[in-house]
Amino acid sequence: MGLKAKNAVLTRDHIENFLFVFPAVAIFCIFYIYPFYKMINLSFFDWKGIGPMHFAGLANYAELMGDRLWWDSIGHAGYITLIALTFQNALAFALALACDREIRLKRFYRAVFFIPPVLSEIVVGLVWNWILNPQMQNNHPVGFLNHFLYATGFPQLMHNWLGDPKTALTTIAVVNAWKGFGWGFIMFLAGLQTIDKQLYEAARVDGAGSWKTFCNVTIPMMLPVILVVVILTVLGCMQVFVLILALVSEGLVNHTDVPVTRIFSAMQNTNRFGYACAEAVIFGAVLIATSFILKKLADRARQL
Amino acid sequence: MMRGRPSLAICCALVLTALAGCGQPQKPSNKVLLWHWMTDRHDTLLQLAKQYGQETGVEVTVQLFAPSESYSQKVIAAAQANILPDIYGVLDKKSIVADFVKAGLIADLTGAMEADGGQWKNSLFDKALADRRFDAGNIYGVKPGIYGAPIDVTNEQMLYNRKLLAKAGIASPPQTWEELIKDFQALKRVGITPFVSGWGELWLLDCFASNYAFNIMGEEKVFATYRGEVKYTDPDWIRVFGLFAQLRDTGALMEDIVTKGNKYAEQDFALERAAFSFNGSWCVNVYKDMNPNLDYGVIPPPPVTDVRPLKIWGGAGSSFVVNNQSPNKDKAIAFLKWLTAKDQQAFLAKATNNLPANHEAGGLVSKVLEDFARGMDNSTHPSIWPLNEDPSVVEAFDKGIQDIIIGQKTPQQVASAVQQVKDRQMSKGSR
């Protein structure tokens, strides 16, 4: 085979290879790169979603910097995330530890704990709306929680959980944690099952008690899993949206706003698509920066 | 040497097929595609589409996209991608409808409406048509014309539960705001929640507030506020905000009213958990499904003063527009004309308990719907106002009222906060 013929074969191979990856690259560009570029581009315009676009330069970003409601909403999302990181993940870890041992009905518990995360957020919202309903009918509470408090002799604790600015966000955070803990539970359980049992036996032979074994064997071995769960919890909770919509409709004034509801409101209520895109860009940057920091922490933890 | 050829050919074919599919011009056909958002009317629309196909041979495909918020976003996305169906609805402010018209995405139906001596136009309620009509000199800069056809009409009024009112010793529904507050107090005394509405949805709260703004200060002063000539800190506006403080202080409002979606509020009223409600005429169908034995009546919101009329929101309930770029535009218009004709409107009204847009189909509706229909004479709607408030101000206004209801702010504080947003928007020159 001559050099020319070899080159022709090589060229054809290159073209063929390119054509094989082309659909994937095209799909990636069309559905990921282009929308991302378009969103950044739109954030520099004043646009109602239809009709003429007016170039606004950095005006949307400048306005966003002084938008107290926007920064409050990031704070609210941070609070929901904090509850999830602590309460939700601690509960998930504790339950995973329990189910990792030889206990009765282990499989049943695993299935039950995994029900909330597979439910739609709308369904969870509907169920919790019924549980938290503050309404009274014929002098009796309609909602399950208030009815329970009333029936067990604690009527003074009955409350409008979602309608009071003091409790609304915490209530949402708790419902979000209830819905989300199953994911952490499954991941923690999978992580616990990969720990070599000989390590526990060696610790026991060395005279380590339960607490020392937990601190010196379980936690170090679980660190990579814990960090993955933390990253997923942060990214998931910061973007909470449907659950809030299902629980408090368009929100309790601005007390339950989170970044995605603000973005949605800018598009839906005020038809400010450019501003909504600027919010999305800033929010995306916050999430990327958070993920980057957590990734670095995870890498460092793996090296320890 | 032959190894790569079949796969190479397949790849090329796939790419070419994909490229060929892009931007292919639509050709005229005997099919019409309709997108809508009305879950309660879907089956009826399917039946009517089938009937139309049998009568004319034109195949009408009806596709449902719900809820309405998602539908709205879908239509805007389809408009940007230029893939709108032949018939669709624009569920947005009139300024957005105007942008659709200016972008050439909505056909002018004036010619068809006025053909045969205006037969089509004259058969429809004028207030329903006004929703999609742009008059000469309109502020949106749209060429005057009728850019859509209503398939039903609606308005928002107060509903009262006769049984619960009787329990509180109230013989007849209130005629004034003062009587309304007295009735609320009487209901509270016997442990009945006086009032519920879906005020977690801001538009419904806005509707209630603007009814009373029109009543207290008149529409000219309201529009003057929108133009920036009157401030929200004006005593009349504070009086409007004060009504909500009064409702709060009376204990009239259901506990979670500001986070309640209208579906939940409808459920509460249907299950007799509240004596009064504020809702649109579509509720007749909803209540019928939830509690067929519910005994209720309809009244306009009781006015605060009789110096000026209290106007309620009303007009076209659901409207369809025709895609101006559709190759099947004429067939789409013909279908809309058929859909809004007397027989089809009567069928729709009977099947879905909505007020027909065709006044010739009147008299076929229930007593409650008749009461709702009477309100049409006294109705108005932001879509027919000469100008609308800036959406950012509207949001601050509605959220401010929610703040009053939950006791976080006083009417004066809300008035100042709304005025601040107004000043900011005015200085931006966004109007």
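Everything numeric here is computed off the predicted structure, so don't read it as measured data. (Residues numbered from 1 in each chain as written. Chains lettered and ligands numbered in written order. Predicted model: local features only at pLDDT ≥ 70, side-chain atom pairs only at ≥ 80, totals over all residues.)

1. Notes on the overall build of chain A
Phase 1: When helices and strands are tallied, chain A shows 13 helices and 4 strands.
Phase 2: Here the C-alpha atoms of chain A give a radius of gyration of 26 Å, more than 25% beyond the 19 Å that 2.2 N^0.38 yields for 304 residues.
Phase 3: In terms of principal-axis extent, the alpha carbons of chain A reach across some 90 × 65 × 30 Å. (Helix = DSSP H or I, 4+ residues; strand = E, 2+ residues; numbered from the N terminus. Rg over C-alpha atoms; globule rule 2.2 N^0.38 Å.)

2. Digging into the overall build of chain B
Phase 1: Of the regular secondary structure elements, chain B holds 18 helices and 12 strands.
Phase 2: Relative to its length of 431 residues, chain B is compact, with a C-alpha radius of gyration of 24 Å against a globular reference of 22 Å.
Phase 3: Its C-alpha atoms put chain B at 90 × 55 × 50 Å along the principal axes.
Phase 4: Counting every position in chain B, which comprises 431 residues, the buried fraction comes to 47%. (Buried ≥ 20, exposed ≤ 12 C-beta atoms within 10 Å, placed from the backbone.)

3. Here we look at the interface of chain B and chain A
Phase 1: Contacts between the two partners involve 38 residues from chain B, matched on the other side by 32 residues from chain A.
Phase 2: Of the residues belonging to the side of chain B that touches chain A, the class tally is 16 nonpolar, 10 polar and 12 charged. (Contact = placed C-beta atoms within 7 Å. Nonpolar A, V, L, I, M, F, W, Y, C, P; charged D, E, K, R; others polar.)

4. Some details on the pairing of strand 9 (residues 296–299) of chain B
All names here are of chain B.
Phase 1: Here strand 9 shows a clear split, with Tyr296 and Val298 buried on one side and none of Gly297 and Ile299 buried on the other.
Phase 2: Sheet topology note: the strand 6 (residues 149–161)/strand 9 ladder contains 4 bridges and is antiparallel. Across the sheet, residue Met158 finds its bridge partner in strand 9, namely Ile299. (Pairing = 2+ DSSP bridges.)

5. With respect to the packing of helix 3 (residues 68–100) of chain A against helix 8 (residues 168–193) of chain A
All names here are of chain A.
Phase 1: It is the contact of helix 3 with helix 8, at a shortest axis distance of 6 Å, that shows an interaxial angle of 40°. In this view, helix 3 runs oblique relative to helix 8, as classed from their interaxial angle. Between helix 3 and helix 8 lies a crossing of right-handed hand.
Phase 2: Here the contact of helix 3 with helix 8 is composed, by residue class, of 22 nonpolar, 7 polar and 1 charged. (Axes fitted to C-alpha atoms, helices over the stretch in contact; angles between N-to-C directions. Parallel < 35°, antiparallel > 145°, perpendicular 65-115°, else oblique. Left-handed = near helix turned anticlockwise from the far one by under 90°.)

6. Description of the environment of Leu339 of chain B
All names here are of chain B.
Phase 1: For Leu339, the position within the fold is in helix 14 (residues 329–339).
Phase 2: A C-alpha to C-alpha distance of 7.3 Å links Leu339 and Ile151, two positions 188 residues apart in sequence.
Phase 3: Ignoring anything within four residues of it in the chain, the contact list for Leu339 reads Leu48, Ile151 and Gln344.

7. A closer look at the environment of Gly236 of chain A
Residue and element names in this part refer to chain A.
Phase 1: For Gly236, the location among the structural elements is in helix 10 (residues 210–238).
Phase 2: On the neighbour-count criterion, Gly236 (15 C-beta atoms within 10 Å) is partly exposed.
Phase 3: When the C-alpha atoms of Gly236 and Gly180 are compared, they prove to be 8.9 Å apart, with 56 residues separating the residues in sequence.

8. Topic: the packing of helix 3 of chain A against helix 12 (residues 259–268) of chain A
The description of two packed helices rests on the angle between their axes and on the distance between the axes.
Residues and elements named next belong to chain A.
Phase 1: For the pair helix 3 and helix 12, interaxial distance at closest approach is 8 Å and the crossing angle is 145°. Contacts from Leu69, Trp70, Ser73, Ile74 and Ala77 of helix 3 reach helix 12 at Pro259, Thr261 and Arg262.
Phase 2: Partitioning the contact of helix 3 with helix 12 into residue classes produces 5 nonpolar, 2 polar and 1 charged.

9. Topic: the pairing of strand 1 (residues 31–36) of chain B
All names here are of chain B.
Phase 1: In this sheet, strand 2 (residues 59–64) lies alongside strand 1 in parallel orientation, the contact comprising 6 bridges. Note on strand 2: the bridge partner recorded for Leu34 is Val62.
Phase 2: Between the parallel elements strand 1 and strand 2, the chain passes through helix 2 (residues 42–56) in a crossover that is right-handed. (Right-handed = clockwise from strand over helix to strand, strands pointing away.)

10. A word on unusual backbone geometry
Phase 1: The peptide bond linking Ala66 of chain B to Pro67 of chain B adopts the cis configuration, its omega dihedral lying at 0°.
Phase 2: With respect to the helices and strands, Pro67 of chain B occurs in the loop between strand 2 and helix 3 (68–81).
Phase 3: Of note in this structure, Asn271 of chain A is not a glycine but carries a positive phi near 50°.
Phase 4: With respect to the helices and strands, Asn271 of chain A occurs in the loop between helix 12 and helix 13 (273–303).

11. Comments concerning the confidence of the model for chain B
Residue and element names in this part refer to chain B.
Phase 1: Confidence in the prediction of chain B, expressed as mean pLDDT, is 89, and 92% of residues score 70 or more.
Phase 2: Of the regions scoring below 50 in pLDDT, residues 10–25 engages in 6 contacts with residues more than four places distant in sequence or in other chains.
Phase 3: Both confidence scores are given for the complex: pTM 0.81, ipTM 0.77. (pLDDT = per-residue confidence, 0-100.)

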